Amino acid sequence: MESITQVTNTPENHSTTPVRNANIDAIRGLAVLGILFMNIYYFGNAVSGYASHEISPFHDTLVELFSNFFLEGRFISLFAMLFGVGLAVQFDRYSKQNIDAYKQIKSRLKWLLVFGAVHGIVIWSGDVLFAYGLSGFLALCYLKLDNDKLIKKSLLFIAISVFTFTLFSIFSPEERFIRGSELFEEEYLIWFSTYSEQLLMQLFVFITLLFFIPLTLMWFSAGLMLLGVALYRKGIFQQGFSKRHLIWFALASIFFSTLDSLLSFSENPILHTLSGVIVLLSAIPMALIYMHLLIKICQNRSTVLAPLQKVGRLAFSLYILQSICGVLLFRHFEPTLVNTLDRPDYMLIAIGYSILQLILATIYLNYFNQGPLEKLWRGLAKAKPNATQKRAIKEV
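Computed from a prediction, not measured in an experiment: that's the story for all the values here.

So, about the overall build of the protein. Along the protein, the regular secondary structure elements total 18 helices and two strands. A globule of 396 residues ought to have a C-alpha radius of gyration of about 21 Å, and the protein, at 21 Å, matches this closely. Across its three principal axes, the protein shows a C-alpha extent of roughly 65 × 50 × 40 Å. Going through the 396 residues of the protein one by one, you find that 52% of them count as buried. A separation threshold of at least 6 residues defines the contact pool for the protein, and within that pool the share at least 24 residues apart is 82%. Carbon and sulfur atoms provide 68% of the accessible area of the protein, an area that totals close to 18100 Å². Computed over 32 positive and 26 negative side-chain charges, the inter-centroid distance for the protein is 20 Å.

Shown next as structure tokens:
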């Protein structure tokens, strides 16, 4: 949705002319850059990700602790909330233009499913777009609820997701992924073989996710989308949160991040796997803190955090480009990196590529107004208005 591409802000009781919200662009920019810091571990091995040492080096432990408190799950949560903002913005805009909002948004969601399937099968099976498409259809059913009901529905969906993730963690705990182990060697042969074999594996993973997503991630993402809608309609993306809210967010983030860290370092497979559930709870309050900080810094000014805003305007294209570059680097150009890189090395690569994205977005938007995939998506999903709708659009 436009939370991934171009989000415009049309607050209620204001002009119907779409106006860019610089705060949202900056937040989306941070989200697309931040998500790389977690995805980068999985571009080589899309299932198990980073292969730990038998005895974890101190620098690995430090980076993992930092990730538990500040990175893991935070930016994908921001993405989902912004996706919900995009749903709300478009629903209001199409309704004011006498265009069937549900029909148009469903068209965009269907095409997002197509993009997600192609991305997940052909490029990288860590795709989130397909899950967002399914979650978008679920969230779309509740856009007309008032803010209080939206938040209640959001909490319900998140609770459903946490419950199902917990069941999966208890009954199918993950084996610890150790560098040089038998499991590591088996997966290395799959992910670093010929592209045709990788393609078959990615198809298998995608088919598996078709059953897994509706039980888990769909509910979590839809819950965050509805939360994003409620926050947008409350004006949070203009003014931020109160000090009292921020204190509660900080306390919740510290508590759940600490619990996540304790579980993630446990030798018990079930407890270690359960840390992935706690991440869902620790990510949301920290994501909201990041949101507040950018809102207060940017204050809806296009000149503040301008490079980050430009990344946000190209989020869809840059997200796919991250996958392409990551897969090429770790699977095709330098497949031995997974045997040699430690966590700080991955972080340095992510920092370097983030700087490159900031530069690339700035240069690109000097010549074009919209990203290539953003433009393609909008063109594919664009509705053909009838004569009455055309007159209404002209009047607007």
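As for its position among the elements, T164 is in helix α6 (residues 147-171). The class of T164 is buried, set by a relative accessible area of 16%. When neighbours within four sequence positions are excluded, T164 is seen to be in contact with L215 and T216.

The next point concerns the pattern of salt bridges. Opposite charge on two side chains makes pairing possible when the charged atoms of those side chains draw close. Inspection of the entire model under this criterion finds three salt bridges. Residue D342 pairs with R179 through a salt bridge whose shortest N-O separation is 3.6 Å. Residue D342 is located in the loop between α15 (337-340) and α16 (343-364), and its partner R179 is located in the loop between α6 and α7 (182-191); the two are separated by 163 residues in the primary sequence. By relative accessible area, which is 14% here, D342 ends up buried. Residue classification places R179 among the buried positions, given a relative accessible area of 16%.

Let us look at a nonpolar patch on the surface. Together, W111, V114, V118, V122, Y195, L376 and L380 give the surface a local cluster of nonpolar side chains, amounting to about 550 Å² of exposed area. When contributions to the nonpolar patch are tallied by element, the ones reaching two or more residues are α4 (101-123) and α17 (372-381). Per-element tally for the nonpolar patch: the top contributor is α4, with four residues. As for its placement among the helices and strands, V122 is situated in helix α4.

We now examine the packing of aromatic side chains. All told, the structure shown has 24 aromatic pairs when counted by the stated rule. Ring plane angle 70° and centroid distance 5.6 Å describe the contact between Y142 and F157, whose orientation is recorded as edge-to-face. Residue Y142 is found in the loop between α5 (129-140) and α6, and its partner F157 is found in helix α6; the two are separated by 15 residues along the sequence. For Y142, a relative accessible area of 22% corresponds to the partly exposed category. Each member of the aromatic cluster is reached from another via a ring pair, and the members are Y41, Y50, F330 and Y346. If you follow R343 out to its NZ or CZ, it ends over the ring of Y41, 5.1 Å from the centre.

On to the nonpolar core, then. In summary, soluble globular proteins display a tendency toward joint burial of nonpolar side chains. Counting 114 residues, the largest nonpolar core has I40, L78, M81, L231, F237, M291 and Y346 as the members making the most contacts within it. Not counting chain neighbours up to four residues away, the residues in contact with M81 comprise L224, L227, G228, L231, A287, L288 and M291.

Before going further, it helps to examine the environment of S77. On the secondary structure map, S77 appears in helix α3 (residues 74-96). Using a relative accessible area of 0% as the deciding quantity, one classes S77 as buried. Counting along the chain gives 176 residues from S77 to S253, while the straight-line C-alpha distance between them is 13 Å. Setting aside its immediate chain neighbours within four residues, S77 contacts F220, L224, A283 and A287. Of note is the side chain of S77, whose polar atom sits 2.7 Å from the backbone oxygen of G73.

With that out of the way, let us pick up α4. Between its first and last C-alpha, α4 extends 32 Å over 23 residues, near the 33 Å set by a 1.5 Å rise per residue. In this structure D100 caps α4, since a side-chain oxygen of it lies 3.3 Å from the backbone nitrogen of Y102.

Rules used in this analysis
- Residues numbered from 1 in each chain as written.
- Predicted model: local features only at pLDDT ≥ 70, side-chain atom pairs only at ≥ 80, totals over all residues.
- Heavy atoms only, no water.
- Helix = DSSP H or I, 4+ residues; strand = E, 2+ residues; numbered from the N terminus.
- Rg over C-alpha atoms; globule rule 2.2 N^0.38 Å.
- Buried < 20%, exposed > 50% of the residue type's maximum accessible area, 1.4 Å probe, protein only.
- Contact = heavy atoms within 4.5 Å.
- Areas by Shrake-Rupley, 256 points an atom, 1.4 Å probe, with all protein chains shown as cover.
- Lys, Arg positive; Asp, Glu negative; His and termini not counted.
- Charge placed at Lys NZ, Arg CZ, Asp CG, Glu CD.
- Salt bridge = Lys/Arg side-chain N within 4 Å of Asp/Glu carboxyl O.
- Patch = residues over 30% accessible without salt bridge, like charges linked within 9 Å, V, L, I, M, F, W, Y side chains within 5 Å.
- Phe/Tyr/Trp six-rings, centres within 6.5 Å; stacked < 30°, edge-to-face > 60°.
- Lys NZ or Arg CZ within 6 Å of the ring centre and 35° of its normal.
- Core = buried A, V, L, I, M, F, W, Y, C linked by side-chain atoms within 4.5 Å.
- Polar contact = N/O pair within 3.5 Å; in protein donor to acceptor, adjacent residues only side chain to side chain.
- Expected span 1.5 Å × (residues − 1).

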